[in-house]
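Next come the chains, spelled out residue by residue.
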Amino acid sequence: MAVVRERRHPNLKLPLPDSAADRRPRFPLPLPPTALTTSRPTDVDRLSDLEKLQVLGHGNGGTVYKVRHRRTGALYALKIVQSDCDSSVRRQMLREMDILRRTDSPYVVRCHGIFEKSCGDIGLVMEYMDGGTLDCLLRRQSGTFSEDFLAGISRQVLEGLSYLHSHKIVHRDIKPSNLLVNRKMEIKIADFGVSKIMCRTLDACDSFVGTCAYMSPERFDPDTYGGAYNGYAGDIWSLGLTLLELYIGHFPFLPPGQRPDWATLMCAICFGEPPSLPETASDEFRSFIKCCLQKDSSRRWTVAQLLAHPFVAKERDLMAKMEGLSIS
Ligand code: ATP
Ligand code: MG
């Protein structure tokens, strides 16, 4: 998607403020008060401190740049949404900012600053993930990922979801292109434009947000698949599909190369059997995917249960041992 957008806007330029505009005062974005935490301190004071190096990608209405802090030399990713964008795009950006300013987890992309320019453009400074998205990584290496690598990805995404879910945040758009990787092979959850903070336990979730292909059956038909749409369980379904895709190399509900339409996807998700791993995969991995892809959301495993699943628990034990070694 990002590639297509790039072609559509080959000459799109969004200069950072310069000269006169630079001297205008900048105000932190007036975001709604949060019940979760107070906003975290940020380490980028002004947008003008950042020098643009290259475009990293075009998202839904915004552009993401790789930028360098002029004084410290630190690299960041800067997402800019222009003032004249669609109101829904602006709402998504505000929602993403609202969530990222509250979160503080090694498994969630970090926010380093939030700005509103006097012209109305809004900017979000994030930690720079030099490996890009898992989707790009999959296409770059034009092969699939090993089980060991996927166990590592599963553990880290589950740790991220555990953090988010324990703070009543549902992501609602987990997919390969929303998981970022760096050269240390750390995986971080990104892109919170359609996420939601659940204020009450039984908060209704508007179902048709996020990427249709990764939506769980109960989002289309809550009565048949678990009674009600539960955003937490929806994130687990999307994670299962994501891991399956990274293992087989294409979107699991469709043959390679086929572009889905909405109706085909909905029929496949609601009326078809959930996709499963080929025989080449280990029993542990197959079982893990099965636990994520239960069509009935009430039978789908939770984050805590999946973190204890043997497919991921081995990797967790290994990490715990390594941390112990590095402390001693
Ligand atoms: P959409 O979800 O709207 O379809 P998107 O996820 O591509 O689009 P963005 O979140 O705006 O939209 O990101 C655009 C691209 O910028 C991403 O695909 C990714 O390649 C890159 N990107 C975003 N955030 C970062 C980051 N923190 N570090 C490195 N690259 C990033
Ligand atoms: Mg995205």
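Residues numbered from 1 in each chain as written. Chains lettered and ligands numbered in written order. Predicted model: local features only at pLDDT ≥ 70, side-chain atom pairs only at ≥ 80, totals over all residues. Heavy atoms only, no water.

Going by what an unreviewed UniProt entry lists, the chain is known as mitogen-activated protein kinase kinase and is assigned to Cinnamomum micranthum f. kanehirae. Reading the Sequence similarities (unreviewed entry) entry of the UniProt record for the chain gives the comment "Belongs to the protein kinase superfamily. STE Ser/Thr protein kinase family. MAP kinase kinase subfamily." (UniProt positions renumbered as here; feature names shortened; annotations may be inferred.)

Engineer: Help me out: how do you make sense of the overall build of the chain in this one?
Structural biologist: Looking only at helices and strands, the chain has 11 helices and 9 strands in total. Burial statistics for the chain: of 328 residues in total, 49% are counted as buried. Summarising the internal contacts of the chain: among those between residues at least 6 apart in sequence, 66% fall at separations of at least 24. Accessible area of the chain: about 16,100 Å², with a carbon and sulfur share of 53%. (Helix = DSSP H or I, 4+ residues; strand = E, 2+ residues; numbered from the N terminus. Buried < 20%, exposed > 50% of the residue type's maximum accessible area, 1.4 Å probe, protein only. Contact = heavy atoms within 4.5 Å. Areas by Shrake-Rupley, 256 points an atom, 1.4 Å probe, with all protein chains shown as cover.)

Engineer: Just to check I follow, could you spell out the pairing of strand E4 (residues 111-116) for this structure?
Structural biologist: The side chains of a regular strand alternate between the sheet's two faces. Within E4, 5 of the 6 residues are buried, leaving the element largely enclosed by the surrounding structure. The pairing of E4 with strand E5 (residues 122-127) spans 5 bridges and is antiparallel. Each residue of the ladder has a partner; that of glutamate 116, found in E5, is isoleucine 122. The turn linking E4 back onto E5 is made up of 5 residues, and glycine 120 within it adopts a positive phi angle of 105 degrees. (Pairing = 2+ DSSP bridges.)

Engineer: Mind showing me how you'd approach the nonpolar core here?
Structural biologist: Burial of nonpolar side chains together is a common tendency in soluble globular proteins. Counting residues in each nonpolar core, the largest one holds 71 residues, and the members touching the most others are Leu150, Leu158, Leu161 and Phe288. Formed jointly, this core draws a minimum of three residues from each of two domains, domain 1 (25-127) and domain 2 (134-319). By size, the runner-up hydrophobic cluster in this structure holds 10 residues, among which are Leu50, Tyr65, Leu78 and Phe115. (Core = buried A, V, L, I, M, F, W, Y, C linked by side-chain atoms within 4.5 Å. Domains from an automatic or database assignment.)

Engineer: Explain the coordination of the magnesium ion (ligand 2) to me, please; I cannot follow it from the model alone.
Structural biologist: In an ideal octahedron of six donors the angles at the metal are 90 or 180 degrees, and in an ideal tetrahedron of four donors they are 109.5 degrees. On the protein side, the magnesium ion (ligand 2) has Asn178 (OD1) and Asp191 (OD) as donor atoms, found 1.9 to 2.1 Å from it. Residue asparagine 178 is located in the loop between strand E6 (169-170) and strand E7 (179-181), and its partner aspartate 191 is located in the loop between strand E8 (187-189) and strand E9 (196-197); the two are separated by 13 residues in the primary sequence. For asparagine 178, a relative accessible area of 4% puts it in the buried group. (Donors = N, O, S within 2.8 Å, 3.2 Å for Na, K, Ca; no water.)

Engineer: Is there a simple way to think about the environment of leucine 241 in this case?
Structural biologist: Position of leucine 241 among the secondary structure elements: in helix H7 (residues 231-248). The buried category is assigned to leucine 241, whose relative accessible area is 0%. For the pair leucine 241 and proline 274, spaced 33 residues apart in sequence, the C-alpha to C-alpha distance is 9.3 Å. Excluding its chain neighbours within four sequence positions, the residues that come into contact with leucine 241 are Ala213, Tyr214, Phe251, Pro252, Phe253, Pro275 and Leu293.

Engineer: Is there a simple way to think about the site of ligand 1 in this case?
Structural biologist: Every one of the 17 residues lining ligand 1 counts as a neighbour, but Asn60, Lys79, Glu127, Met129 and Asp191 are closest to it. In the environment of ligand 1, a nitrogen atom lies 2.9 Å from a nitrogen or oxygen atom belonging to the backbone of glutamate 127. Contact distances for ligand 1 include 3.0 Å between a nitrogen atom and a backbone N or O atom of methionine 129. Out of a free accessible area of 610 Å², ligand 1 has 89% covered by protein chains. Taken together, the elements giving at least two residues each to the shell around ligand 1 come down to strand E1 (50-58), strand E3 (75-81) and E5. When the residues that make up the shell around ligand 1 are grouped by side-chain class, the tally is 8 nonpolar, 5 polar and 4 charged. (Near = heavy atom within 4 Å. Polar contact = N/O pair within 3.5 Å; in protein donor to acceptor, adjacent residues only side chain to side chain. Nonpolar A, V, L, I, M, F, W, Y, C, P; charged D, E, K, R; others polar.)

Engineer: Explanation requested: the packing of aromatic side chains in the structure shown.
Structural biologist: Each aromatic ring pair is specified by the distance between its two centres and by the angle formed by the two planes. Scanning the model with the defined rule gives 7 aromatic pairs in all. Look at phenylalanine 145 and phenylalanine 149: their rings are 4.9 Å apart centre to centre, the planes differ by 70 degrees, and that puts the pair in the edge-to-face class. Each ring, one from tyrosine 247 and one from phenylalanine 285, has its centre 5.4 Å from the other, and the planes form 80 degrees; the classification is edge-to-face. Of this pair, tyrosine 247 sits in helix H7 while phenylalanine 285 sits in helix H9 (residues 283-292), placing them 38 residues apart in sequence. For tyrosine 247, a relative accessible area of 15% translates into the label buried. Under the relative-accessibility criterion, phenylalanine 285 is labelled buried at 0%. Site record: aromatic cluster; members linked through ring pairs are Tyr214, Trp237, Phe251 and Phe253. (Phe/Tyr/Trp six-rings, centres within 6.5 Å; stacked < 30°, edge-to-face > 60°.)

Engineer: Quick question: what am I supposed to make of the UniProt feature "binding site: ATP" (unreviewed entry) in the chain here?
Structural biologist: According to UniProt, the feature "binding site: ATP" (unreviewed entry) maps to Lys79 in the numbering used here. One can find lysine 79 in strand E3. Accessibility expressed as a relative area gives 14% for lysine 79, which makes it buried. The residues contacting lysine 79, other than those within four sequence positions of it, are Thr63, Val64, Met93, Glu96, Ile122, Gly123, Leu124, Met126 and Asp191. Among the polar contacts made by the side chain of lysine 79, one reaches the side chain of glutamate 96 at a distance of 2.8 Å.

Engineer: Which parts of the structure should I look at to understand the pattern of salt bridges?
Structural biologist: Pairing between side chains becomes possible if they bear opposite charge and their charged atoms approach one another. In total, this model carries 16 salt bridges according to the counting rule given. When the shortest N-O distance is used, the salt bridge between glutamate 186 and lysine 184 registers 3.9 Å. Owing to a relative accessible area of 27%, glutamate 186 belongs among the partly exposed residues under this scheme. Judged by relative accessible area, lysine 184 falls into the exposed class, the value being 62%. The salt bridge partner of glutamate 284 is lysine 314, with a shortest N-O separation of 3.0 Å. With glutamate 284 in helix H9 and lysine 314 in helix H11 (residues 310-327), the pair connects residues that are 30 residues apart, well separated along the chain. Connected through shared salt-bridge partners, Asp98, Arg101 and Arg102 make up one network. (Salt bridge = Lys/Arg side-chain N within 4 Å of Asp/Glu carboxyl O.)

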